[in-house]
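Coordinates in review
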Amino acid sequence: MSGYAKRLTGIVVGIAIVCVLLGLYIGVYLTNQPGSASAAQAPTGAHLYLGTVPASEGTDPHPSWVSYYVVDANSRNWRHDTTFVVPAHTAVTVTVYNYDGQSGLRNPFISQAEGIAGGAFSLDGKPTKVIDPDAASHIFAIPQLGVLVPILGVADDAKNQCANAPCGLATAHSTTTFSFRTGKRGLYRWQCFVPCAAGYIAGWGGPMQTVGYMDGFVKVV
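Residues numbered from 1 in each chain as written. Predicted model: local features only at pLDDT ≥ 70, side-chain atom pairs only at ≥ 80, totals over all residues. Heavy atoms only, no water.

Turning our eyes to something else, we now look at the overall build of the protein. Broken down by element type, the protein carries 1 helix and 13 strands. Traced from its N-terminal end to its C-terminal end, the protein shows the element sequence α-β-β-β-β-β-β-β-β-β-β-β-β-β. Overall size of the protein, expressed as C-alpha extent along the three principal axes, is 80 × 40 × 35 Å. Counting only residues that meet the buried cut, the protein has 44% of its 221 residues in that class. Surface accessibility of the protein: about 11500 Å² in total, with carbon and sulfur atoms responsible for 59%. (Helix = DSSP H or I, 4+ residues; strand = E, 2+ residues; numbered from the N terminus. Buried < 20%, exposed > 50% of the residue type's maximum accessible area, 1.4 Å probe, protein only. Areas by Shrake-Rupley, 256 points an atom, 1.4 Å probe, with all protein chains shown as cover.)

Dropping the structure here:
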């Protein structure tokens, strides 16, 4: 075999290997769906309970990553799912138990809630429309539905802070509750818009761009 033929064969084999690996990657990506959790049903509609923590569980593949979790009403049973299943054309109430600290907002505009019932949310039992941008910890936003709610962070000097999930209500936290109404069936992306990924450039890498941590989907069925 001539040198040219060897080079050509090597190129063809190399391309074939790349195509196979690319096909495997795409196949795994499309079939490896993250876990989902359905909202609890209540007389007033669906109710979703979430927890946000400064770091995931110690057994998580990324135990230092900030994350959202699905929890129960008492913040006891924790599931690391960020795809939330809710019914269509229904009022959905969301309660977020936040155990993470104050990261602050780069855009003060998103310190005001948008797209929720009554234009206000409950923050530790008090009706609230806007929080101090410097005291924000996270944002819960569903851009396609126009929903955006700021989440107040735990003060730096708060006592009995929680480091890793799971966290209990006896530890320092804020409680944010709001409602919005779903529309037609579909898959809607939700995202936190606070760059809180410590150790990554500008705070936007790692958990901020990974489904299962600081973003996911709202599946309306």
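Further notes follow.
Strand S10 (residues 147–152) sits mainly inside the fold: 6 of its 6 residues count as buried. The side-chain alternation of S10 yields two buried faces, one formed by Val147, Val149 and Ile151 and the other by Leu148, Pro150 and Leu152. With 6 bridges connecting them, strand S9 (residues 136–142) and S10 associate as antiparallel partners. By the bridge assignment, Ala141 is partnered in S10 with Leu148. Taking the residues between adjacent antiparallel strands as the criterion, S9 and S10 are bridged by 4 residues, where Gly146 takes a positive phi near 75°. (Pairing = 2+ DSSP bridges.)

Leu50, Tyr68 and Phe178 are the most contacted members of the largest nonpolar core, which has 44 residues in total. Ignoring sequence-local partners within four residues, the contact set of Phe178 consists of Val92, Thr93, Val94, Val96, Ile116, Phe121, Phe140, Val147 and Val149. (Core = buried A, V, L, I, M, F, W, Y, C linked by side-chain atoms within 4.5 Å. Contact = heavy atoms within 4.5 Å.)

Let us look at the side chain of Asp215. Looking at the secondary structure, you find Asp215 in strand S13 (residues 215–220). Assessed through its relative accessible area of 0%, Asp215 is described here as buried. Looking at Asp215, its side chain comes within polar contact range of the side chain of Arg189, at 2.7 Å. Within the local environment of Asp215, its side chain forms a polar contact with the backbone nitrogen of Thr210, the two atoms lying 3.3 Å apart. Beyond its immediate stretch of four places on either side in the chain, Asp215 contacts Thr82, Arg189, Trp190, Gln191, Pro207, Met208, Gln209 and Thr210. (Polar contact = N/O pair within 3.5 Å; in protein donor to acceptor, adjacent residues only side chain to side chain.)

Tallied over the entire structure, the rule returns 1 disulfide. Each disulfide pairs two cysteine sulfurs, and for Cys162 the partner residue is Cys167, the sulfurs being separated by 2.0 Å. Linking Cys162 and Cys167, the disulfide has an S-S dihedral of approximately -80° and is accordingly described as left-handed. What makes Cys167 buried here is its relative accessible area of 2%. Considering cysteine sulfurs only, Cys196 is the nearest to Cys192, which forms no disulfide, with 4.5 Å between them. (Disulfide = S-S within 2.5 Å.)

It is worth spelling out the pairing of strand S3 (residues 45–53) at this point. A large share of S3 lies buried, amounting to 9 of its 9 residues. Of the pairings in the sheet, the one linking strand S2 (residues 40–42) to S3 comprises 3 bridges and is antiparallel in character. Note that in S3 the partner of Ala40 across the bridge is His47. Bridge count for S3 against strand S6 (residues 91–98) is 7 bridges, and the pairing is parallel. Within the sheet, the bridge partner assigned to Thr52 lies in S6 and is Asn98.

Our focus in this paragraph is the pattern of salt bridges. What the rule picks out here adds up to 2 salt bridges. In this structure, Arg189 engages Asp215 in a salt bridge whose closest nitrogen and oxygen atoms are separated by 2.7 Å. Residue Arg189 is located in strand S12 (residues 186–191), and its partner Asp215 is located in strand S13; the two are separated by 26 residues in the primary sequence. (Salt bridge = Lys/Arg side-chain N within 4 Å of Asp/Glu carboxyl O.)

Position of Thr182 among the secondary structure elements: in the loop between strand S11 (174–181) and S12. A polar contact is formed between the side chain of Thr182 and the backbone oxygen of Pro87, at a distance of 2.7 Å.

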